[in-house]
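So you can see what is in the structure, the chains are spelled out below.
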Amino acid sequence: MRHPLKLIDTIASHPKILRAGDLLGGRAGRARALSLYVASIGYSRHYLTDGFVPDAFVASNPVCSDGEEVAKALSDRTVKLWERARRGYRIHDYGAFNESADKIRGNREKIRQRVQAFRERHRA
């Protein structure tokens, strides 16, 4: 089941994205920082990691070839969009803006039950 990402409408001009981009080299750096940050939120929602992004995703992500460099910028002490964790990173304040994995699983189960009930009612 796919769920839309929730982002603030000013994400592309958010001061932390701009700062991470500056650390990476201006305009192109900003695009790299934004793309990996948004991709990491999508990864976390899809795989229900509650904001954890593993090193393996950073190294082989689909949006930039220098994920480790971008990760350093996102986790820089002046940016703090990511926090270094064991074997990966945590998206700062992920839980404040996104549903928890448990809540998403619960919602998915409710939908599954509704669909099953609908199909059973309409089999006849």
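Below, the structure is looked at part by part. Remember, it's a predicted structure, so these values are computed and weren't measured experimentally. (Residues numbered from 1 in each chain as written. Predicted model: local features only at pLDDT ≥ 70, side-chain atom pairs only at ≥ 80, totals over all residues. Heavy atoms only, no water.)

### Description of the sheet that holds strand S2 (residues 82-85)
Pairing within the open sheet is antiparallel, and its three strands lie in the order S1-S3-S2. For this open sheet the edge positions go to strand S1 (52-54) and S2, each flanked by a neighbour on one side alone. Across this sheet, the average inter-strand angle for adjacent strands is 30°, counted without regard to direction. For S1 and strand S3 (residues 88-91), the ladder comprises three bridges, and the chain directions are antiparallel. Among the inter-strand pairings, Phe52 is bridged to a residue of S3, identified as Arg90. (Pairing = 2+ DSSP bridges. Helix = DSSP H or I, 4+ residues; strand = E, 2+ residues; numbered from the N terminus. Axes fitted to C-alpha atoms, helices over the stretch in contact; angles between N-to-C directions.)

### Here we look at the packing of aromatic side chains
Across all of its chains, the model carries three aromatic pairs by this definition. Taking 4.7 Å as the distance between ring centres and 35° as the angle between the ring planes, the aromatic pair formed by Tyr43 and Phe57 counts as tilted. In this pair, Tyr43 is assigned in helix H2 (residues 26-47) and Phe57 in helix H3 (residues 55-60), connecting sequence segments 14 residues apart. A relative accessible area of 12% means that Phe57 is categorised as buried. Plain terms: the ring middles of Trp82 and Tyr89 are 5.0 Å apart, the flat faces sit at 40° to each other, and that makes the pair tilted. What makes Trp82 buried here is its relative accessible area of 1%. These aromatic residues form a ring-pair network of at least three members: Tyr43, Tyr47 and Phe57. (Phe/Tyr/Trp six-rings, centres within 6.5 Å; stacked < 30°, edge-to-face > 60°. Buried < 20%, exposed > 50% of the residue type's maximum accessible area, 1.4 Å probe, protein only.)

### Quick word on the pairing of S3
Remark: a regular strand shows side chains that alternate across the two faces of the sheet. For S2 and S3, the ladder comprises four bridges, and the chain directions are antiparallel. When the bridges of S3 are listed, Trp82 appears paired with Ile91. In this antiparallel pair of consecutive strands, S2 and S3, the connection spans two residues, and Arg87 shows a positive phi of 65°.

### Thoughts on unusual backbone geometry
Backbone geometry at Leu48 places phi at a positive 55°, although glycine is not the residue there. Here Leu48 lies in the loop between H2 and S1. In this structure, Asp50 takes a positive phi of about 55° despite not being glycine. With respect to the secondary-structure elements, Asp50 resides in the loop between H2 and S1.

### Details of the packing of H2 against helix H4 (residues 67-74)
The N-to-C vectors of H2 and H4 enclose an angle of 90°; their axes lie 10 Å apart at closest approach. By the angle class used here, H2 and H4 are roughly perpendicular. Contacts from Arg32, Ala33, Leu36 and Tyr37 of H2 reach H4 at Gly67, Glu69, Val70, Ala71 and Leu74. Each residue belonging to the contact of H2 with H4 can be placed in one class, and the counts come to six nonpolar, one polar and two charged. (Parallel < 35°, antiparallel > 145°, perpendicular 65-115°, else oblique. Contact = heavy atoms within 4.5 Å. Nonpolar A, V, L, I, M, F, W, Y, C, P; charged D, E, K, R; others polar.)

### Here's the deal with the layout of surface pockets
In this structure, the largest pocket encloses a volume near 350 Å³. Lining the largest pocket are 16 residues, and of these Ile8, Ile11, Tyr37, His92 and Phe97 lie nearest its centre. At the level of secondary structure, the elements contributing two or more residues to the lining of the largest pocket comprise helix H1 (15-24), H2 and helix H5 (94-97). A per-class count over the lining of the largest pocket returns ten nonpolar, three polar and three charged. (1 Å grid on protein atoms, 1.4 Å probe; cavity = no way out; pocket = protein on both sides within 12 Å on 5 of 7 lines; lining within 4 Å. Points joined across faces, edges and corners; volume = space filled by probe spheres on them.)

Honestly, that's just the spatial picture; any functional story needs more than this.
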